[in-house]
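# Notes for the structure review
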Number of protein chains: 2
Amino acid sequence: LSRLPFLKRGMRLDPYITTTSEQIVEYDFDRVVYEENSPYQNIKILHSPQYGNLLLLDDDQNLAESDVAYTYAMTGNGREDFTDKDVLILGGGDGGILYHLLQQSPKFVTMLEISFLYQMVIDAATKYLRGICHDCFDSLSGDNYLVRVEDCVPVLEQYARDGRTFDYVINDLTDIPISQEPTDDHLDLPQKILDLSLKVLKTSGKYWTHGANTNDVPQKFEEQLKQLPKPVDFLKEVIAIPSYHELWVFYTIWKKS
Amino acid sequence: LSRLPFLKRGMRLDPYITTTSEQIVEYDFDRVVYEENSPYQNIKILHSPQYGNLLLLDDDQNLAESDVAYTYAMTGNGREDFTDKDVLILGGGDGGILYHLLQQSPKFVTMLEISFLYQMVIDAATKYLRGICHDCFDSLSGDNYLVRVEDCVPVLEQYARDGRTFDYVINDLTDIPISQEPTDDHLDLPQKILDLSLKVLKTSGKYWTHGANTNDVPQKFEEQLKQLPKPVDFLKEVIAIPSYHELWVFYTIWKKS
């Protein structure tokens, strides 16, 4: 039953990307829109006739202009009313979530995006991913929003100390899989971010996070949720994001009353 | 920039499928659930941990158990009320649309699936695609539905002669691309089916059809729509079906008043 597929070689652009579960997908990229190396990573934006401009960080696929389903999933798929709500976005360098929220009359949206790494991404998105961020990065602050380009852990710790809380916290910073890897300082950074996020989340609030729906990622994450000091409930949605070529799982998490 | 991806060879199962726009996608198939040759085509059902059981006809991907988004798109994505409505499905051999409609108290659903070709598909779906058809093929008729396994053109012509009309006609028989190819008898079969479908559609009715969102397929189809003798309006939705690995376009079509 095995056959070797026809591979396109010698192309100007490498069309092959592997998914998080190591499957090959061929894209229809037809041009490089942007490519730069920051001190921390390679940033590429490639154009696809189907998916629009698509962001790659170190050849790892991030988001494409076709992928508003991702933004919807990370904001509760239309179930929430953001009017007059106080929202915190962790990450979100492509601007999709910020733009989506600003259409819905929030009280205030704070976006914390990691310093150094992401200023170049934000600048590139502002120019070349306008199908995702639209005009929301044209200014990094406004009447009801502020984009802070700095490390989110110290800021979250300060919020926790100050007793500052939010109606919604959206973790667009790390995928669930990363949380399995211990970081340099032997602390589990994603676990730390989850703990801090729940600390700054109002009792009635909601928290969103996501990851690939493969390699036992959801099971491991749900184990982690069960071990939290204060009990939480969750809603799990498995969704196809157009440019991802694998299913992703989105979690809406809230504190048990 | 070009590199050769690592290809898996000598596997029990060929994991590579090409999309309608000739891009390679690697699937995570882990076993053959069913394989038979009918006099007309090869029928395969393969299992994927991500997508569930997946139907292939002559190695052309049809639908997987993960793909309820397809069924929703072909029935108006929740915008329509099927209660007490008279519905005609053309094709639909996997049973997804029939099952979905029967959950919504229709007056009557008639499904016309091509004879010869599809009886084996229906039989295989009944056993191995229950995540799509559930129990709707356990009997091929009921109080409010009938599955007729016969060629749909003569039946549609008879309906047209009898003045029989439907609130909804769902064309799950042919993808839009096929309509570009003239058939043996030098008539454009999909054009004929479109014409007949609109003939048996009530003035207030809706018609659905779909195709890949690549290779100018939508533009060509919209040209075809403009040339219809009686003018129609349409709504176009571009949707990612989980197992398809390319965007598809779904048309809701209705008669201009």
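Residues numbered from 1 in each chain as written. Chains lettered and ligands numbered in written order. Predicted model: local features only at pLDDT ≥ 70, side-chain atom pairs only at ≥ 80, totals over all residues. Heavy atoms only, no water.

## A closer look at the confidence of the model for chain A
Residues and elements named next belong to chain A. Rules: Residue-level confidence of the predictor is what pLDDT reports, using numbers from 0 through 100. A run of DSSP states H or I qualifies as a helix once it reaches four residues; a run of E qualifies as a strand once it reaches two. Both are numbered from the N-terminal end. The contact criterion used throughout is that any non-hydrogen atoms of two residues lie within 4.5 Å.
With 89% of its residues at a pLDDT of 70 or more, chain A has an overall mean of 89. At the low end of the mean pLDDT range in chain A sits strand S1 (residues 16-18), at 86; at the high end sits helix H2 (residues 96-102), at 98. This stretch, residues 177-183, has a pLDDT under 50; its non-local contacts, to residues over four places away or in other chains, come to eleven contacts.

## A few points about the sheet that holds strand S14 (residues 247-255) of chain A
All names here are of chain A. Here is the rule we go by: Strands are labelled as partners when DSSP assigns at least two bridges between them. Only C-alpha atoms enter the line fits that serve as axes; for helices the fit covers just the stretch in contact. Angles between N-to-C directions range over 0 to 180 degrees.
Judged by pairing direction, the sheet is mixed, and its eight strands sit side by side in the order S9-S10-S8-S7-S11-S12-S14-S13 without closing on themselves. Two strands bound the open sheet, and with one partner strand each, they are strand S9 (141-142) and strand S13 (232-240). Pairing of S13 with S14 involves nine bridges; the strand directions are antiparallel. Within the sheet, the bridge partner assigned to Val232 lies in S14 and is Lys255. Docked against the sheet, helix H6 (residues 189-199) engages strand S7 (86-91), strand S11 (166-172), strand S12 (201-212), S13 and S14, running at close to 155° with respect to S12.

## Focus: the sheet that holds strand S5 (residues 52-57) of chain B
Residue and element names in this part refer to chain B. With respect to topology, four strands assemble into an open sheet ordered S3-S4-S5-S6, the strand pairing being antiparallel. Sheet topology places strand S3 (31-37) and strand S6 (60-64) at the edges, where each strand pairs with a single neighbour. Strand-to-strand twist in this sheet, taken as the mean axis angle between neighbours without regard to direction, amounts to 20°. As judged from the six bridges shared by S3 and strand S4 (residues 42-48), these two strands associate in the antiparallel manner. Paired with Tyr34 across the bridge in S4 is Ile45. Here helix H3 (residues 119-128) sits on the sheet in contact with S3, S4 and S5, set at roughly 160° to S3.

## Examining the packing of helix H5 (residues 152-162) of chain B against helix H6 (residues 189-199) of chain B
Residues and elements named next belong to chain B. Worth spelling out the cut-off: By definition in this entry, angles of less than 35 degrees are roughly parallel, angles greater than 145 are roughly antiparallel, angles of 65 to 115 are roughly perpendicular, and the rest are oblique. Rotating anticlockwise by less than a right angle from the far helix to the near helix defines a left-handed crossing, while the corresponding clockwise rotation defines a right-handed one.
Their axes nearest at 9 Å, the elements H5 and H6 cross at an angle of 30°. Between H5 and H6, the angle is such that the two are roughly parallel. Crossing of H5 over H6 shows left-handed handedness. Across from Cys152, Val153, Leu156, Glu157 and Ala160 in H5, the residues of H6 making contact are Leu189, Lys192, Ile193, Leu196, Ser197 and Lys199.

## Some details on helix H7 (residues 217-226) of chain A
Residue and element names in this part refer to chain A. For the record, the criterion: We call a residue buried when its accessible area falls under 20% of the maximum for its residue type, exposed when it is over 50%, and partly exposed in between, using a 1.4 Å probe and counting protein chains only. Directions from the helix axis toward the C-beta atoms define the arc.
When H7 is considered as a whole, its buried residues turn out to be Val217, Pro218, Phe221, Glu222, Gln224 and Leu225. In a view along the axis of H7, the buried residues occupy a sector of 155°, so they form one face of it. Packing partners of the buried residues in H7 comprise H6, S12, S13 and S14.

## Here we look at the pairing of strand S14 (residues 247-255) of chain B
All names here are of chain B. Burial of S14 is extensive: seven of the nine residues sit out of reach of the surface. Pairing between strand S12 (residues 201-212) and S14: six bridges, direction antiparallel. Bridged to Thr209 within S14 is Tyr251. Linking two consecutive strands that pair antiparallel, namely strand S13 (residues 232-240) and S14, is a turn of six residues; a positive phi of about 60° is found at His245 within it.

## Considerations on the state of the cysteines
All names here are of chain B. Keep this limit in mind: Two cysteine sulfur atoms form a disulfide, by the criterion used here, when they sit within 2.5 Å.
Overall, the coordinates contain zero disulfides over all chains when judged by the stated rule. Cys136 takes part in no disulfide bond, and the closest cysteine sulfur, belonging to Cys133, lies 5.4 Å away. By relative accessible area, which is 3% here, Cys136 ends up buried.

## Quick word on the UniProt feature "active site" (unreviewed entry) in chain A
Residues and elements named next belong to chain A. Stated precisely, the cut-off is as follows: UniProt positions are given in the numbering used here, feature names are shortened, and annotations may be inferred rather than shown by experiment.
UniProt tags Asp172 as "active site" (unreviewed entry). Structurally, Asp172 can be placed in strand S11. In contact with Asp172, other than residues within four places in its own chain, are Tyr70, Met74, Leu90, Gly91, Gly92, Asp94, Ile97 and His210.

## Thoughts on the pattern of salt bridges
All names here are of chain A. Quick note on the threshold: Each salt bridge in this description consists of a side-chain nitrogen of Lys or Arg and a carboxyl oxygen of Asp or Glu lying within 4 Å of one another.
By the definition in use, this model includes 22 salt bridges over all chains. Of the charged contacts, one joins Glu80 and Lys206 as a salt bridge, the two residues approaching to 3.0 Å between their closest N and O atoms. Taken as a pair, Glu80 in the loop between helix H1 (68-73) and S7 and Lys206 in strand S12 lie far apart in primary sequence, 126 residues in all. Classification of Glu80 as buried rests on a relative accessible area of 15%.

## Let's talk about unusual backbone geometry
Positive phi is not limited to glycine here, since Asp84(A) has a value of about 60°. With respect to the helices and strands, the residue Asp84(A) is situated in the loop between H1 and S7. Judged by relative accessible area, which is 57%, Asp84(A) ranks as exposed. In this structure, Asp59(B) is a non-glycine residue whose phi angle is positive, near 60°. Structurally, Asp59(B) can be placed in the loop between S5 and S6. Take Asp59(B): its relative accessible area is 46%, and that puts it in the partly exposed class.

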